[in-house]
Amino acid sequence: MIVQTVIDGIPTLLAPGPGPARGGITFRVGRADETLGRAGITHLIEHLALHRLGVTDYHYNGTTGATVTHFFSQGSPEAIGEYLTSVCAALRDLPWHRLDVEKEILRTESASRSQSPIESLLLWRYGARGYGVSSYPEWGLTEITEDDIRAWVARYFTRENAVLWFSGISAPANLRLDLPSGTRMPLPPLTSALPKTPAWFCGAPRVVAFHSHVPRSAAAQVFTSVLERELFRALRQEGGYSYTVATDYNPIDTELSAVLAVADANPDKQEAALGAFIDVLAKLRWGTIDQSDLDAIRTKAAESLRDPDSEANRLPMAAFNVLIGSPVLDSKQVLHEIEAVTAAEVQQVAEQAFTAGLLQTPNGRGADWAGFTAAPTTSETVVDGVRYPMRGDNDHALVIGPSGVSTIGPGGPATVHFAQTAALLIWPDGGRMLIGHDGMTCRVEPTLFPVDAGTLARLDTAVPPGTTVHLPARDPESIPQPPQSSGTSKPAAARSDGQPAGGPRFRGFIYVLSTVLGVLAGFCGMFSLAASLKLFTDPALDYDAGTKAAVLVLYWGGTAVLAVPSFLLARRLRRRRPQP
Amino acid sequence: MADDFTPDFRLRAAYPEVAAAEDAIRAGDWPAFRACYDAVPKWQGRQLIMGAANEVAGSETFLKSVIERDPEDLVATTMYANRLINIGWEIRTDKRAKYVSAEQFAAFHKYLREAEQILIWVCARDPSFVPAWTNRLATSRGLELGQAETRRRYDHVARHDPHNMSAQNSLLQELCPKWHGSLEAMHAFASERAAAAPPGAHNAVLIVDAHVEHWASLPNTESETYFDRPNVRQEIMAAAERSVLHPDFDRGMGWVYPMSMFALGFCLISEWTLAKRCFLELGPYADDWGWQYLKGGAEAAFIRCRAWAMERG
């Protein structure tokens, strides 16, 4: 049973459990509250708040989610109390001298993080605002000032916007929380970049994914589990099209939850994985829900909820519920609700999930054939204004007008209105990229279009305040150049949006090429590693230093020949809404 | 004798069950149709019965009225989807893709998408309903959903009916080079399914089908000598031994197609005696599949080859 109390003006949840003592503070703020032009500010504050704790003996951490930021620790109650006291003190008095270093650390963290194959899903659903911001890099870091941070802390890191939680019958005695007063912040609005659902977009290779909104309920939770079991059965056990399937049920607010399902796909079987995935969604809507699946899900839920530590494990979720004004249920109630779910209710959720769904397809494939509508990849309108034809390519043009910017190409236009700009990225070389609320992008590249400095400068003042982002210098290779007048082929970089030419199918080809090269590079790398080790450790190979160097250059050079193009191709494809 | 011979390519001619089914559809009598359907035990025969709707112009309107009365009738629903596929394919025509206009493709895909979404529903309602999966092989091919996806659909058919001739014919088409397949994959599939079928079954005809497709895909200079290749002759002969020439050859529903196809195969390898035997077994019945690749179209080619076989065999 979870007990609710108040400590230092902060709502507090207590739940005893046999596991190690745990405690934390959760704030109602996350990436979905940020704007794209200041994306990363919450994560930066989390890092700054933890800096003084340095290297300590106890286990602690912080996480920045879409709508909540947790600071938590495990250890003795005194250590937990000390940790949380320190975090709250740090939020009052952040180590400003660390600002630039922490920004750099965050950039390194994001560069080293492997890209999720479903990273762009949220962008396609929500656009470049609210819940969609998580799809983008933390572009705001360079622009965020001390004042921005102070204002963000004052708004979100307050007593009224926090919940404390502890596993145990009481809070640590040494807790001294001195947070400023504020107000409970409402959740960010749920934006949409999809004019019509169910929708599809073509995503990363070898992955099929599905995202939807369903009414928040025990039936929706059970549906998510049934979906996972059916996907595992159809995609892995029966067909061998996939190795891994996973689902996630994630409450958004008091009324709504997000359901996510992801399956990887055997490279030769990507179309079958997509087909089987679509058939599973149909089976849950129209077929028979297996009673044995329902029974297994109930048994599993009962096991997990009867675990004496279950209430304590549910504390972070309970903290989220308190912050959004949702009731905190105890394990018994949760289990009771899950056990009461019927097959008909699961089927009803399946219908709702399909209707609101967004499907991510692999390998350049579409899903119109199964009743899904293509998510928009072009804009419906073009702004009125001055037209700049692309140097050496009459098929492409840029239009800059008083209300916004459009790029025009054979595949259709992309338009970003100034009033609906989520971010304007600016590189020192003069290149600019506008990203609209709907996720559309327009590149204004002086190398490609004869735009004068005065017009460029006017762009920067036309967009809403807080949306411009000055990025560090680009690799000269990535600055697009106009096509050679003698040649007929157009370089991919000449596309208005920096995307490879030829639409999704061409992207699919690049994915395949990049993957094949990557896999070969992997094998080549392993071989080179083994050979290099042998070269230095095997006494039988008594080569002089010059021969050794030559052999190493040969092996690793070969690896690089494969790895570099693979990496460059993959980087081309990294992101964002593909445009024509 | 040969000059006044005309083959009857209609299924109703060879199979009275199909004739009765077709008459029932023409009369708008669904219970009578269902009685014909229910009387046939095997999926292969049932699929032939369901195909009778394609012989009745406008049968889709009748099928739609049946579905309106009983939305859960999977047989009527699948037949309706099959009609949409056929209407779509008639618009597309059997020509090579480069001779099909953009408008034709758009209409073709529209009909196939509608059929596919109906069939997704049928397969969700009853994943063991073989005719729906068989039709989904055609939608997958027409909508170009990919070889792996078509194969998955075939595997669903095979799980419940491992020797389903229609589904195997459909997958063989998918595996043809003209549908982005390969000669190797096509021949491999034909051999594998021929070997897996019991002796006397129809399925070894896939070997002839694959060779005819291979031959039809070649430029004239190569196609002229294709059937002189020893391995081609050998494979067709061995396949015949397993099916039409086998003492246990299955004379049940569907028998005309392998007999007609082997008649063609024997003509192509100049085995006139065996060809004559097949023509005599066929009597007036025939299947136009395969013959359409020959000069003059299926009927003229069939009459011409039959006359030669009667003379030389």
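Conventions used here
Residues numbered from 1 in each chain as written. Chains lettered and ligands numbered in written order. Predicted model: local features only at pLDDT ≥ 70, side-chain atom pairs only at ≥ 80, totals over all residues. Heavy atoms only, no water. Helix = DSSP H or I, 4+ residues; strand = E, 2+ residues; numbered from the N terminus. Buried < 20%, exposed > 50% of the residue type's maximum accessible area, 1.4 Å probe, protein only. Contact = heavy atoms within 4.5 Å. Areas by Shrake-Rupley, 256 points an atom, 1.4 Å probe, with all protein chains shown as cover. 1 Å grid on protein atoms, 1.4 Å probe; cavity = no way out; pocket = protein on both sides within 12 Å on 5 of 7 lines; lining within 4 Å. Points joined across faces, edges and corners; volume = space filled by probe spheres on them. Nonpolar A, V, L, I, M, F, W, Y, C, P; charged D, E, K, R; others polar. Pairing = 2+ DSSP bridges. Axes fitted to C-alpha atoms, helices over the stretch in contact; angles between N-to-C directions. Phe/Tyr/Trp six-rings, centres within 6.5 Å; stacked < 30°, edge-to-face > 60°. Lys NZ or Arg CZ within 6 Å of the ring centre and 35° of its normal. Buried area = accessible area lost by both parts, 1.4 Å probe. Salt bridge = Lys/Arg side-chain N within 4 Å of Asp/Glu carboxyl O. Polar contact = N/O pair within 3.5 Å; in protein donor to acceptor, adjacent residues only side chain to side chain. pLDDT = per-residue confidence, 0-100.

On to the overall build of chain A, then. Broken down by element type, chain A carries 15 helices and 20 strands. Counting the 580 residues in chain A, one finds 52% classified as buried. Taking as baseline every contact in chain A between residues at least 6 positions apart, the subset at least 24 positions apart corresponds to 74%. For chain A, the accessible surface area stands at approximately 24700 Å², while carbon and sulfur atoms represent 58% of it.

Let us look at empty space enclosed by the protein. Residues and elements named next belong to chain B. The tally for this structure, following the rule as stated, stands at 1 cavity of 30 Å³ or more. A volume near 40 Å³ is recorded for the largest cavity. Along its surface, the largest cavity is lined by D8, F9, R10, L11, A14, Y15, V256, Y257, Y285, A286 and D287. Looking at the lining of the largest cavity, the elements that each hand over two or more residues are α1 (11-14) and α15 (256-268). Here the lining of the largest cavity is composed, by residue class, of 8 nonpolar, no polar and 3 charged.

As a further point, take the sheet that holds strand β15 (residues 404-408) of chain A. Residues and elements named next belong to chain A. Within the open sheet, the 4 strands sit side by side as β13-β14-β15-β16. Their pairing is antiparallel. One side of each edge strand has no neighbouring strand; the edge strands of this open sheet are β13 (386-390) and β16 (414-417). Strand-to-strand twist in this sheet, taken as the mean axis angle between neighbours without regard to direction, amounts to 15°. In this sheet, β16 lies alongside β15 in antiparallel orientation, the contact comprising 4 bridges. If you follow V405 over to β16, its bridge partner there is V416.

A complete count under the given rule lists 25 aromatic pairs over all chains for this structure. Summarising the aromatic geometry, the rings of W272 of chain B and W308 of chain B are spaced 6.3 Å apart at their centres and angled 85° between planes, so their arrangement reads as edge-to-face. Of the two residues, W272 of chain B is situated in helix α16 (residues 272-282) and W308 of chain B in helix α17 (residues 298-312); the sequence distance between them amounts to 36 residues. You can call W272 of chain B buried: its relative accessible area is 15%. The class of W308 of chain B is partly exposed, set by a relative accessible area of 34%. Three or more aromatic residues joined by ring pairs make a cluster, and in this case those are F5, F9, F279, W291 and F302 of chain B. Just above the ring of F354 of chain A sits the side chain of R285 of chain A; from NZ or CZ to the centre is 3.7 Å. In this structure, R141 of chain B is placed above the aromatic ring of W179 of chain B, and the distance from its NZ or CZ to the ring centre is 5.6 Å.

Okay, the interface of chain A and chain B next. By a frequent convention, interface size equals the accessible area lost on bringing the separate parts together. Counting residues at the interface gives 19 residues for chain A, matched by 18 residues for chain B. In this assembly, chain A packs against chain B so that about 1500 Å² is buried in total across both faces, 58% of it on carbon and sulfur atoms. Counting the surface chain A buries against chain B, the share from its top three residues, D279, W286 and W369 of chain A, is 44%. One can count 3 salt bridges joining chain A with chain B. With its nearest N and O atoms 3.1 Å apart, the salt bridge here joins R136 of chain B to D279 of chain A. At the junction of chain A and chain B, the tally comes to 8 residue pairs in polar contact (both at pLDDT 80 or more). Tallied by class, residues from the side of chain A that touches chain B come to 8 nonpolar, 3 polar and 8 charged.

All names here are of chain A. Sheet architecture is open: 6 strands sit in the order β9-β10-β8-β11-β7-β12, paired in mixed fashion. The outermost strands of the open sheet, each flanked by one partner alone, are β9 (245-251) and β12 (373-374). Strand direction decides the pairing type here: strand β7 (residues 199-202) and β12, joined by 2 bridges, are parallel. Across the sheet, residue W200 finds its bridge partner in β12, namely A374. Along the sheet face, helix α7 (residues 270-286) touches β8 (207-215), β10 (256-264) and β11 (358-361) and points at about 20° away from the line of β8.

Averaged over every residue, the pLDDT of chain B is 96; residues scoring 70 or more account for 99%. Confidence estimates for the predicted assembly give a pTM of 0.88 and an ipTM of 0.95.

Counted according to the given criterion, the structure contains 43 salt bridges over all chains. The partner of R285 of chain A in a salt bridge is E351 of chain A, and the shortest N-O contact between them spans 3.1 Å. Note that R285 of chain A is positioned in helix α7 and E351 of chain A in helix α12 (residues 343-355), a separation of 66 residues in sequence. Here R285 of chain A falls in the buried class, since its relative accessible area comes to 13%. Exposure remark for E351 of chain A: the relative accessible area of 30% places this residue in the partly exposed category. Taking the shortest distance from any N to any O, the salt bridge between E116 of chain B and R136 of chain B comes out at 2.9 Å. Within this pair, whereas E116 of chain B is found in helix α7 (residues 102-125), its partner R136 of chain B is found in helix α8 (residues 130-142), the two being separated by 20 residues in sequence. Of the two residues, E116 of chain B and R136 of chain B, neither departs from the other in class, the shared state being buried.

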